[in-house]
Every structure is written in C-alpha cells, then in structure tokens.
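One letter stands for each residue in the lines below.
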Amino acid sequence: MTDIISNDGKLWTYTDKVKEHFFNPRNVIKTTEEEKRYDKEADGIGVENALPCGDMMKMWIKVSNSRIVDCKWRTFGCAVAMASTSIFSEKVIANGGMKIDDALCITAMKISKDLEELPTRKIHCADLVHKTFKAAVEDYQNRK
Ligand code: FES
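Overview of the structure.

Reading the values: rules and limits
Residues numbered from 1 in each chain as written. Predicted model: local features only at pLDDT ≥ 70, side-chain atom pairs only at ≥ 80, totals over all residues. Heavy atoms only, no water. Helix = DSSP H or I, 4+ residues; strand = E, 2+ residues; numbered from the N terminus. Polar contact = N/O pair within 3.5 Å; in protein donor to acceptor, adjacent residues only side chain to side chain. Contact = heavy atoms within 4.5 Å. Axes fitted to C-alpha atoms, helices over the stretch in contact; angles between N-to-C directions. Parallel < 35°, antiparallel > 145°, perpendicular 65-115°, else oblique. Nonpolar A, V, L, I, M, F, W, Y, C, P; charged D, E, K, R; others polar. Pairing = 2+ DSSP bridges.

Structural notes on the side chain of asparagine 27
Part 1 of the argument: With respect to the helices and strands, asparagine 27 occurs in the loop between α1 (16–23) and α2 (32–41).
Part 2 of the argument: A distance of 3.0 Å separates the side chain of asparagine 27 from the side chain of serine 89, its partner in a polar contact.
Part 3 of the argument: Aside from chain neighbours lying at most four places away, what touches asparagine 27 is Cys71, Lys72, Trp73, Ser89, Glu90 and Ile93.

Topic: the packing of α1 against helix α3 (residues 79–93)
Part 1 of the argument: Interaxial distance between α1 and α3 falls to 8 Å at its minimum, and their mutual angle equals 85 degrees. The orientation of α1 with respect to α3, classified from their angle, is roughly perpendicular. Along its contact with α1, which presents Lys17, Val18, His21 and Phe22, the element α3 presents Ala79, Met82, Ala83, Ser86, Ile87 and Glu90.
Part 2 of the argument: Here the residues of the contact of α1 with α3 are counted per class, giving 6 nonpolar, 2 polar and 2 charged.

A look at the sheet that holds strand β1 (residues 44–49)
Part 1 of the argument: Strand order in the open sheet made by the 3 strands is β1-β2-β3, with antiparallel pairing throughout. Two strands in the sheet have a free side with no partner beyond their single neighbour: β1 and β3 (67–76). Taken pair by pair, the neighbouring strands of this sheet meet at an average axis angle of 20 degrees, ignoring direction.
Part 2 of the argument: Of the strands in this sheet, β2 (56–64) and β3 touch α3, which is tilted by about 170 degrees from β3.
Part 3 of the argument: Where helix α6 (residues 123–143) meets the sheet, its contacts fall on β1, β2 and β3, and the angle it forms with β1 comes to roughly 145 degrees.

These results come straight from atomic positions and should not be treated as a statement about function.
Okay, here's the thing in structure tokens:
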C-alpha cells in the first residue's frame, strides 16, 4: 500500500493544516469508556448527521459563565470532518473558553479559512461541525 498512499500523506491533496489536524486530532474522544464518562459529565450533547454523505458526529460541551470550557467530539466522518472538528474544538476552548454566542458564529466557511481552505465539495463536512455544536448548545440551554 505504501506505493499508492504515502505514510506521510504527501500524495494527499488537502492543506498541511488539514493533514496536521487529521494526524493529531485535538479533543477527540477515543474510547467508549471516555464517551460514557462525558455522557454523564457534559453540560450539553449534540448529535447530527451530514445529509450529503450520511456521516455523523457527536459533540460534548462543558459551559461555565456562558463560555465553552470543554469541547470533546467523536465522528463517523471523513478526514475533513475530523480536521474541522479538531480545529474548531481547539479554538472554542482557547484562553479560558469562547462565549457561546461567538462560538455559534463559527460557520463552515470560517472553519474552511482556519484550515487554509477546503475544497468546495467538502464544505458540508465543516458544516457538520457547526450543526453538531449548535445541537449541543441547544441541549445545554434546554437543560437549564
Ligand atoms: Fe461526510 Fe465529510 S464526507 S463528513
């Protein structure tokens, strides 16, 4: 397989930023045990799927003083879905956490810009992140 797909992703057409987040995803939940713990501990949980492809994503948020202090995720999605969620989660929890309203303004196009531009046909993957985060916020607000 190494003749077809290089181990370092050099034959892959995404930007270095996409590759870097795909190979080193931030804030991803890796085990079922961790998922169960976050199911109990999270302040809001969102689950969504992407209509164009059928992939799905789950996101857990913790909120303090209207700021996102933790954002974890898991996806049955593509490389762009992973990279998009990774960079989004990193951004919203930076510096003590972004205000919810500001985080809700991070659209697919903004995620694309942060990843140094996604192909147009992959914008729906970044939109899956926005939709799932929005669902987690709605869940948080419904619990209050
Ligand atoms: Fe489905 Fe990217 S192709 S989320």
